[in-house]
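Coordinate inspection notes
The lines below spell out each chain.
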Amino acid sequence: MTNQKTVAILGAGAWGKALATLAQGNTHDVRIYSRRGSQTLAETVENADIILSAVSIKGVKNIVSQLNSLAIPTQTIFVTATKGLEPQTTRTPSQIWQEGFPNNRVVVLCGPNLSKEITQDLPAATVVASNSESAAESVQMVFNSTRFRVYTNSDPLGVELGGTLKNVMAIAAGVCDGLQLGTNAKAALMTRGLTEMVRIGVDWGAKLETFYGLSGLGDILATCNSPLSRNYQVGYQLGQGKTLSEILAQLNETAEGVNTAEVLVQRAKQQNISMPITQGVYSLLKAEVTPRQALLDLMKRDIKPEYNY
Ligand SMILES: NC(=O)C1=CN([C@@H]2O[C@H](COP(=O)(O)OP(=O)(O)OC[C@H]3O[C@@H](n4cnc5c(N)ncnc54)[C@H](O)[C@@H]3O)[C@@H](O)[C@H]2O)C=CC1
Ligand SMILES: O=C(CO)COP(=O)(O)O
């Protein structure tokens, strides 16, 4: 591959467009595929060095099977920027991509990256993670710039779970602020939320330290503290007494944490892992409890040592 790459971006939502701008800023040849656009999927990915998917989780399986019917060369690198989990199977997006393309290298791109800030040219950092160091480095070169610092990492599962699981915590943090519970409560929630992410993430096969990096702790700090986060917005408005269907009807964009909470509750049950914050968010999303009741349920649990993975 030469230094100038052909990058096909699948999904013309907020994140796909922001990532396209970053690659274009580094003078790469960028094509964007939108389901509603005039360019076909085959035209978009023709001769692409890198195919990056920024579609929401509900579209990943479909786009993988559409691409499977095209002759994608094995040297093409797939990058997944989706932060979600497949219902029923609990597969991560990179697992779906790798199963669809077992002979291609797959890279996960995840970090504290609120697309609205990136679109405003504000500085940010992210992580590209892969079992293939050379693939991660190629993707790092494509996106790294003085406004977007890109780190490599060799734990794709941990990086992907960090970015995905934190969406549930962003909903919880939004509820916390919607109820005006204060800074102490929010700090406790984010810290215990991270513990919960580590607990299930390590059981899943991820490395513990990955959760203390940009895609775990970093993304918690960004999304739990910013009204720009759609997941935070969902929680904030639930805290203010709106119903989930009212909130989602107005949001008009993806809030992956809503689906992720359900998938996580299912996996935590299967694996016998305690995830009280996630369970509380799920019960709230299902309207089984009020925000105040969810808070009380968390606070009245049995007392225990702080570290009890
Ligand atoms: N917006 C952000 O700040 C960030 C978003 N993400 C993640 O990126 C993913 C996409 O998020 P956004 O772009 O913000 O959402 P969005 O709601 O703006 O866009 C989602 C895109 O996926 C496309 N899509 C869905 N199913 C599809 C299919 N079958 N075929 C083709 N396209 C399909 C939609 O048409 C839409 O363009 C989510 O998993 C999100 O968690 C990750 C980091 C930052
Ligand atoms: O993942 C994100 C920032 O890193 C975007 O968060 P939301 O999907 O909650 O907007």
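Parameters and conventions
Residues numbered from 1 in each chain as written. Chains lettered and ligands numbered in written order. Predicted model: local features only at pLDDT ≥ 70, side-chain atom pairs only at ≥ 80, totals over all residues. Heavy atoms only, no water. Near = heavy atom within 4 Å. Polar contact = N/O pair within 3.5 Å; in protein donor to acceptor, adjacent residues only side chain to side chain. Areas by Shrake-Rupley, 256 points an atom, 1.4 Å probe, with all protein chains shown as cover. Helix = DSSP H or I, 4+ residues; strand = E, 2+ residues; numbered from the N terminus. Nonpolar A, V, L, I, M, F, W, Y, C, P; charged D, E, K, R; others polar. Salt bridge = Lys/Arg side-chain N within 4 Å of Asp/Glu carboxyl O. Buried < 20%, exposed > 50% of the residue type's maximum accessible area, 1.4 Å probe, protein only.

**So, the site of ligand 2**
Close to ligand 2 lie Lys83, Gly111, Pro112, Asn113, Leu114, Lys166, Asp219, Thr223, Leu228, Ser229, Arg230 and Asn231, which account for all nearby residues. Between ligand 2 and Lys166, the relevant distance is 3.0 Å, taken from an oxygen atom to a side-chain nitrogen or oxygen of the residue. Here an oxygen atom of ligand 2 sits 2.7 Å away from a polar atom, N or O, in the side chain of Ser229. Considered on its own, ligand 2 offers 310 Å² of accessible surface; in the complex 91% of this is hidden by protein. Taken together, the elements giving at least two residues each to the shell around ligand 2 come down to α9 (214–224) and α10 (230–239). Of the residues belonging to the shell around ligand 2, the class tally is three nonpolar, five polar and four charged.

**Examining the site of ligand 1**
Neighbouring ligand 1 are 22 residues, the closest being Trp15, Arg35, Ser115, Thr254 and Glu256. In this structure, an oxygen atom belonging to ligand 1 sits 3.5 Å away from a main-chain N or O atom of Ala12. Between Thr254 and ligand 1, the recorded distance is 2.6 Å, taken from a side-chain N or O atom to an oxygen atom. Protein contact buries 89% of the 820 Å² of open area that ligand 1 shows by itself. Of all elements in the fold, only α1 (14–25) and α3 (57–68) reach the threshold of two or more residues within the shell around ligand 1.

**A few points about the pattern of salt bridges**
Enumeration according to the criterion identifies eight salt bridges in this entry. Across the pair Arg230 and Glu253 runs a salt bridge, and its minimum N-O distance is 2.6 Å. You can see Arg230 sitting in helix α10 and its partner Glu253 sitting in the loop between α11 (244–251) and α12 (257–271), a full 23 residues away along the chain. Residue class for Glu253 comes out partly exposed when judged on its relative accessible area of 37%. One network of salt bridges, with partners in common, ties together Lys83, Lys166 and Asp219.

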